[in-house]
Amino acid sequence: MSVDVKKITLDGLWTNNPALVQLLGLCPLLAVTGSVVNALGLGLASTIVLLGSNLTISAFRKFVPGSVRLPIFVMIIASFVTAIELLMQAFTFELYQILGIFIPLIVTNCAIMGRADAFASKNPVSASLLDGLMMGVGFSAVLILLGGMREVLGSGTLFADMQLLFGPAAESWKIVLIDDYSGFLFAVLPPGAFVGMGLLIALKNIIDGRLEERRKRQTPAGPTETQRVRVTG
Amino acid sequence: MALIRSSSPHLHKMNQTGHVMRLVLMATLPGMAAMTFFFGWGTLINVIWASLLAVGFEAAILKWRNRPVGFVLRDYSALVTAVLLGLALPPFAAWWVTLVGVFVAIVIAKHLYGGLGQNPFNPAMVAYALLLISFPVEMTRWTVPFVMIDAESSWSVLSLFDTLSLIFGSIDSALIDNYTGATPLDALRHRGGLTTEEAWRQVPVLADGIGAWHAVSAAYVMGGVFLLYRKVFTWHAPVAMLGSLTVLSTLFFIVQPDYFADPFFHLTVGGTMLGAFFIATDPVSSATSNKGKIYFGIGIGALIFVIRTWGGYPDAIAFAVLLMNLTAPFIDQYTQPRTYGHAKANRGMKGDA
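Source: prediction; values computed, not measured.

Turning our eyes to something else, we now look at the UniProt feature "modified residue: FMN phosphoryl threonine" (unreviewed entry) in chain B. Residue and element names in this part refer to chain B. Per the UniProt entry, the sites bearing "modified residue: FMN phosphoryl threonine" (unreviewed entry) are Thr183 in this numbering. With respect to the secondary-structure elements, Thr183 resides in the loop between β2 (180-181) and α12 (184-189). Beyond its immediate stretch of four places on either side in the chain, Thr183 contacts Trp142, Gly270 and Pro314.

Looking now at unusual backbone geometry. Residue and element names in this part refer to chain A. One non-glycine residue, Leu23, lies in positive phi territory at about 55°. Tracing the chain through its elements places Leu23 in the loop between α1 (5-15) and α2 (26-31). With 17 C-beta atoms counted inside 10 Å, the residue Leu23 sits in the partly exposed group.

Our next topic: the environment of Gly275 of chain B. Residues and elements named next belong to chain B. Relative to the helices and strands, Gly275 resides in helix α18 (residues 272-279). Of the residues examined, Gly275 has 29 C-beta atoms within 10 Å and is grouped as buried. Between the C-alpha atom of Gly275 and that of Val321, which follows or precedes it by 46 residues, the distance is 8.2 Å. For Gly275, the residues in contact, after removing those within four places along its chain, are Ala280, Ile317 and Val321.

Time to look at the nonpolar core. As a rule of thumb, soluble globular proteins bury nonpolar side chains together. Ranked by size, the top nonpolar core spans 113 residues in total, and within it Leu85, Val102, Met125, Val126, Ala127, Tyr128 and Val321 of chain B carry the most contacts. When we break this core down by domain, the ones giving at least three residues each are domain 1 (15-181) and domain 2 (184-336) of chain B. Apart from residues no more than four positions distant in its own chain, Ala127 of chain B is found in contact with Leu85, Gly101, Val102, Val104, Ala105 and Ala109 of chain B. Of all hydrophobic cores here, the second largest spans 46 residues; its members include Val37, Leu42, Phe80 and Ala111 of chain A.

Here is what the cut-offs are and how they apply
Residues numbered from 1 in each chain as written. Chains lettered and ligands numbered in written order. Predicted model: local features only at pLDDT ≥ 70, side-chain atom pairs only at ≥ 80, totals over all residues. UniProt positions renumbered as here; feature names shortened; annotations may be inferred. Helix = DSSP H or I, 4+ residues; strand = E, 2+ residues; numbered from the N terminus. Contact = placed C-beta atoms within 7 Å. Buried ≥ 20, exposed ≤ 12 C-beta atoms within 10 Å, placed from the backbone. Core = buried A, V, L, I, M, F, W, Y, C linked by C-beta atoms within 7 Å. Domains from an automatic or database assignment.

This is the structure in structure tokens:
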């Protein structure tokens, strides 16, 4: 079974993006994207967990009985999350405190569970690893985009407090976009996350629509197949 | 809209949206005049600025959505939203506060949901709630009525030019401190250890300035009665809302008059009357049937009392209306009137007993 690199990559990053299309893992997505550094921290942690869990589950897929697969997946994911949690506690303690409960909650992130059940348990290790990486990157990209939007709108800065993740050298990365900004609290609070997320999904749908139109114009003729819109993951 | 249910003959003069909206605009004039008289030019400037923005945003997004710009603009609904928001904002709200508010009202709360008639929430109230949450400092800086500033001079509001420079220019904190203060609702809420009665005697805005709020409320009632007379809306929602607010506040006031405000206070300060006659009667986002409107109004009144008394924000009209907007489809489902010729009304979900 050959690995379809292009399809897996495109699926994770765009067509089946866990955050924008499957709408999985929305709880951390909405809760911690108040700034880029929070988003990046959680995105990295989720990606690493996703990589580890996909790898392990794929490697053991032939030994896992179907009837108890979900508890086994949860155990595997939970052990990776615990490892990540301890690592973050050791190396990025402040960020660990800021993200708080949302690091242990990665266990319940449906995007990770979903990939484990839908992909890793049915595919070879190399494909699962690539899938985990692409899904993780796709998820993180949305997190960072949303975090950036909310940070700019909410406090008028970008890349503030990056030293929490990259050490003291990153302190100067902070860009103050608007001096003397009085703050737009709505963007920082949860409703801002919902509205921002809605706008991102709308944007993706617009781009998809445009691409579809262009494709249709290039390949005319022939009866077109009607496609159902996918609303849930 | 102006669909008053009645028996035959069913032939009516066509009641266009634009006509109804113009009546609503006219009905806000007494309230606007009273606000300007007591609180200075700020309200008028806000309303005009909000209207300009609303027309601009509405035209832009209509064009973007490929809708007929001129035709839709002539239904005046954007203007009504802008005027209501302008009246609800503090008179000294900075220009960008109004800008954000009108953008949210017109673009997000109205057109992202599909335009007039499709919005589940009242656009002006969505904008107000968002501003209140986002800019607590700007949104709670309310002007004091002129009667409290200088008892000697006859009409001592801030001059038109100064108000303009305050709204569109830099904030002069010395000037602002002279002309702003807590609203009665705020004052009564944060009165320290005083009982209600002591607060009424000692807190200046309650002792001297309360008349301004009474007058403004009376002006809104005038506008509301005019709209009721012209059959723009029915009495159900406003009466139910004011009724439930009165009943609840009376009950609590009787039990513990030291702690709770009296019903008259609840009815005449803050945005109660504006909310009852101009917001709760919004034909799009409120319940549809007459019975539904009564439930809708009762809900708003009860929520206003609860949020004002125990909530975190001094006034509650926006939150109460938004929460009840959410329930309006549900209310509609259970209050559908009986169709003529049918023994039983077709209510509730299919499959309900």
